[in-house]
Amino acid sequence: MTSREIRQSFLDFFASKQHRIVPSAPVIPHGDPTLLFTNAGMNQFKDVFLGKGKRDYVRAADTQKCIRVSGKHNDLEEVGYDTYHHTFFEMLGNWSFGDYYKAEAIEWAWELLVKVWKLEPERLHATVYKTDEEAAKLWERYLPRERIHYFGEKDNFWEMGETGPCGPCSEIHYDRTPDLSGGKLVNAGAPDVIEIWNLVFIQYNRTADGTLEELPAKHVDTGMGFERICAVINGKVSNYDTDVFTPLLDAIAAMSGHKYSGALDDMYAIAMRVMADHIRTVSFSIADGALPGNEGRGYVLRRILRRASRYSRNLGFREPVLYKLVQTLADTMGDVFPEIREQQKTVERVIQAEEEAFLQTLERGLEKFDDIARRMESHGLQRISGADAFLLYDTFGFPLDLTQLLARERRMVVDDTEFATLMEQQRERSRKARKIALQEVETLAISSQTEFTGYTELQTEATVLHVHGNQIVLDRTPFYAEMGGQVADKGMITLGGISYTVLDVQKSGNAIVHICDRDVEPLVGTKALATVDKRYRADVAANHSATHLLHEALRRVLGTHVQQAGSLVAAEGLRFDFPHFQKVSPEEIQAIEEMVNEKVRENIPVRTLELPIDEARKIPGVKSFFGDKYGDTVRVVVIDDTFSAEFCGGTHVRSTSEIGVFKIVAESSIAAGTRRLEAITGTGVLHYIAQLQQRINEQQRSYEELQQKLKQLEKELSKVQVHALTQQVQGFLAKARLANGGHLRVVAEQVDVAHIDQLKALGDELRNALGKQGVGLLASVVEGKVQLVCVATDDVKERYPAGKIVAALAKELGGGGGGKSHLATAGGKDIHKLPSMLQDFAAFVEKF
Ligand code: SER
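A quick note: this is a predicted structure, and the numbers were derived from the prediction, not measured.

(A) Main features of the packing of aromatic side chains. Enumeration according to the criterion identifies 28 aromatic pairs in this entry. Centroid distance Phe 13 to Phe 14: 5.0 Å. Interplanar angle 85°. Geometry classified as edge-to-face. Taken as a pair, Phe 13 and Phe 14 share a single burial class, namely buried. Connected via pairs of aromatic rings, a cluster forms that spans Phe 45, Phe 49, Tyr 57, Trp 95 and Phe 97. The aromatic ring of Tyr 240 is capped on one face by Arg 273, whose charged end is 6.0 Å from the ring centroid.

If you want it as structure tokens, here you go:
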């Protein structure tokens, strides 16, 4: 049976027992503060059980989306390592609200399993609460005594959470051992004998002080794990081998290139199971309105996502991948739970953004974890301290359970008590810090000093020195502050488990101040991880190094009067202002471009020197900037010893070929005697080409449109012209000569047409106007040649065939032509013969 058929047959069965089939509640229990996630089918009926709410039915059944990752019911640790625990699952359930009780609940469960789904009765066991003789007696109708087992509170007293409806329960277990020897494995956590259905007899409410309160009525609440029953019915040991999971596993296999082996200890198979499981939890949570965050439910989601992301790494993924599975989920579950289809785009976007943010620090965090683990192992310890776990959480965004998981993989444990203490201390610190009135950033500068690490690395671990609103100062940072015409770096800072986007970086005294997208937790003294956006930095560096090359090329092409009067180095391009008294000609621009591009192609290493200022000034041709203050030591950027050396604190490419290609895109004057060049490099040039291409395409399109229009206009013009010409026809008739004793009217005229078609049209007009007894010849000079049209009215066309007449005439003009007897055209080149030909036409016809 397919999973779809199984789900439907469950609902059909209980519908036939007068149950109302209701929709699943959202996985986010809006309105129940005691729960983070819906963890059982009965959650939506809690008020009915407690006697506080009513429904207009007393029996119900459904399939409920459930998540068990926190609180009383939490299966997270098992997921992936076994084949039948999930963080997200569907729970098939049926309920009685003060209506039927134990007898019917047991009878129908048996009927469905054995009669409808045809499970082998010998494989079924029942458990009952230790004092529930009533349930045990009822089971005796179907099962021998030895397959009815008594258990205590832990197994057979079901509670929703710390508080809420509860009661003794009776579970049905399924024995998969070949020889039916599983009796002793019931409730032993063995995969061979698993619980498939739980029938809870709700009679109490657990109150906040822990006491049990008798409820006004007795209810039935049953729950059956859908994924498990699908496996059991289809004779599969693993839930992951059912069609609930195979489409997801197939998708992961296709993307990763690893086959799903199904083995329990196969690292790839574990990773695939975790991903297939977690993506359901995360996607349905988001579809039902939750978002990853730093607290409560949001943090649980973030943890699960990060866990899945770490596992995807085990399969070789280094880019976001989980979000791509949402499509499969929408395809396979969208019919039953339409919200996943409706919210698909949002779900994908949220997951992708989370993955991207986490991947930025994952690599470094894993290295850090390795260092820590190795250090501990070298001391013979199989333990990660709470402080180290906290560092990983704080700086690399590793949730505790991720660290625990990594530890477990190395057979280590994590001191979670110490971790919890440190977390609490941090909360306390940040509460206090918020209360203290914070100093302004300007005054921080006096006391703070930030070491800039960004010349050699793009990611730095640092300590938080100061926080003020959305501004943060660290003791070390790879972020370049806006300076010397170069824009600030962009990137991300993580601390307190939160990642902040850095929008701007400014120097204030000796402190480098990062300006973030939102207020930063004031966790002074804690660790932070500062990560510069690599691509952005690379673009800026390319433009900066290109600026140095441009500066020198300008001096060589235009003269040594050229000096930098101002410059801007950004990611998109660069701008360079310099004194010069005329426009830089296109030839000069080309020469400058060529010189720079040659240096780019030469792949020259860019060297930076830190030198005492006196020594630096001795470098031949070194450029420094008048008016700039320099310290005792200066940084000099050298590109080719014989080409460019400049005092510069900026960030550069390692080698000129990283510039890619250099292109000047604008030349202008910004003041008398000051010119400005704008140029682009690498990525910028690619964008530029794309834009040009687009513009060419647009022009091509408008050219084609113009062509069309022109043709149209030509047609219209021609019509107007023909119309104007036809006005002349009456005049031609008036001038007709008579031939054949006055019986035949002969017209011969020269006209002025633009095209032979017009001449033909005019010929037609003339023929019509002649009506009877008429022959006409119209001639025109078009593009240096004579064009003729000859017409004859129907009554004389046998006698004076136009085709033959015109052919004879054309011959005289050194050309040719012919056609029908009523209308024919021809052409010739001897223009000078035309006047006499027209003059003599009547005589010519007469003799024809
Ligand atoms: N509430 C019970 C359970 O979750 C039966 O549905 O197991």
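Now, onward.
(B) A look at the site of the ligand. The full set of residues close to the ligand is Ala 40, Met 42, Arg 68, Met 91, Trp 158, Asn 198, Val 200, Asp 221, Thr 222 and Gly 223. Here the ligand, which alone exposes 230 Å², has 96% of that area covered by the protein. In a pocket analysis with a 2 Å cut-off to the grid points, the ligand is assigned to the second largest pocket. Those elements giving two or more residues to the shell around the ligand turn out to be strand 10 (193-206) and strand 11 (212-225). Broken down by element, the shell around the ligand gets its largest block of residues, three residues, from strand 11. Considered class by class, the residues forming the shell around the ligand number five nonpolar, three polar and two charged.

(C) A look at helix 17 (residues 534-558). Taking 1.5 Å of rise per residue, 25 residues should cover 36 Å, and helix 17 covers 35 Å from first to last C-alpha, within 8% of that figure. Counting buried residues in helix 17 gives 18 out of 25 residues, a clear majority hidden from the surface. Two residues or fewer after helix 17 comes Gly 559, characterised by a positive phi angle close to 130°.

(D) Molecular detail of the pairing of strand 31 (residues 774-782). By the criterion of burial, strand 31 is predominantly enclosed, with eight of the nine residues buried. Two elements, strand 30 (residues 744-750) and strand 31, share six bridges in a ladder whose sense is parallel. Bridge pairing in strand 31 places Gln 750 opposite Ala 779. As judged from the eight bridges shared by strand 31 and strand 32 (residues 785-792), these two strands associate in the antiparallel manner. Residue Ser 780 lies in a different strand from strand 32, and its bridge partner there is Gln 787. Counted along the chain from strand 31 to the antiparallel partner strand 32, the turn is two residues long, and its residue Glu 783 has a positive phi close to 50°.

(E) Molecular detail of the layout of surface pockets. Roughly 1,100 Å³ of internal volume is contained in the second largest pocket. In terms of lining residues, the second largest pocket is bounded by 43 residues, among which Arg 68, His 85, Glu 171, Glu 195 and Arg 228 are the most central. Every element with two or more residues in the lining of the second largest pocket is listed here: strand 4 (73-74), strand 5 (88-96), helix 5 (153-156), strand 8 (157-159), strand 9 (164-175), strand 10, strand 11 and helix 6 (226-233). A total of seven residues in the lining of the second largest pocket trace back to one element, the largest contributor, which is strand 10. Per-class residue counts for the lining of the second largest pocket are 17 nonpolar, 13 polar and 13 charged.

(F) Molecular detail of helix 18 (residues 586-601). With 16 residues, helix 18 should cover 22 Å at 1.5 Å per step; its first-to-last C-alpha distance of 22 Å lies within 8% of that length. Taken together, the buried positions of helix 18 are Ile 589, Ile 592, Glu 593, Val 596, Asn 597, Lys 599 and Val 600. One face of helix 18 carries all of its buried residues, which in axial projection span an arc of 155°. Residues of helix 18 that are exposed and angled more than 90 degrees away from the buried face: Glu 587 and Arg 601. Check the buried side of helix 18 and you find it contacts helix 17, strand 27 (662-671) and strand 28 (674-681).

Definitions and limits used
- Residues numbered from 1 in each chain as written.
- Predicted model: local features only at pLDDT ≥ 70, side-chain atom pairs only at ≥ 80, totals over all residues.
- Heavy atoms only, no water.
- Phe/Tyr/Trp six-rings, centres within 6.5 Å; stacked < 30°, edge-to-face > 60°.
- Buried < 20%, exposed > 50% of the residue type's maximum accessible area, 1.4 Å probe, protein only.
- Lys NZ or Arg CZ within 6 Å of the ring centre and 35° of its normal.
- Near = heavy atom within 4 Å.
- Areas by Shrake-Rupley, 256 points an atom, 1.4 Å probe, with all protein chains shown as cover.
- 1 Å grid on protein atoms, 1.4 Å probe; cavity = no way out; pocket = protein on both sides within 12 Å on 5 of 7 lines; lining within 4 Å.
- Sits in = over half its atoms within 2 Å of the grid points.
- Helix = DSSP H or I, 4+ residues; strand = E, 2+ residues; numbered from the N terminus.
- Nonpolar A, V, L, I, M, F, W, Y, C, P; charged D, E, K, R; others polar.
- Expected span 1.5 Å × (residues − 1).
- Pairing = 2+ DSSP bridges.
- Points joined across faces, edges and corners; volume = space filled by probe spheres on them.
- Arc of directions from axis to C-beta.
- Contact = heavy atoms within 4.5 Å.

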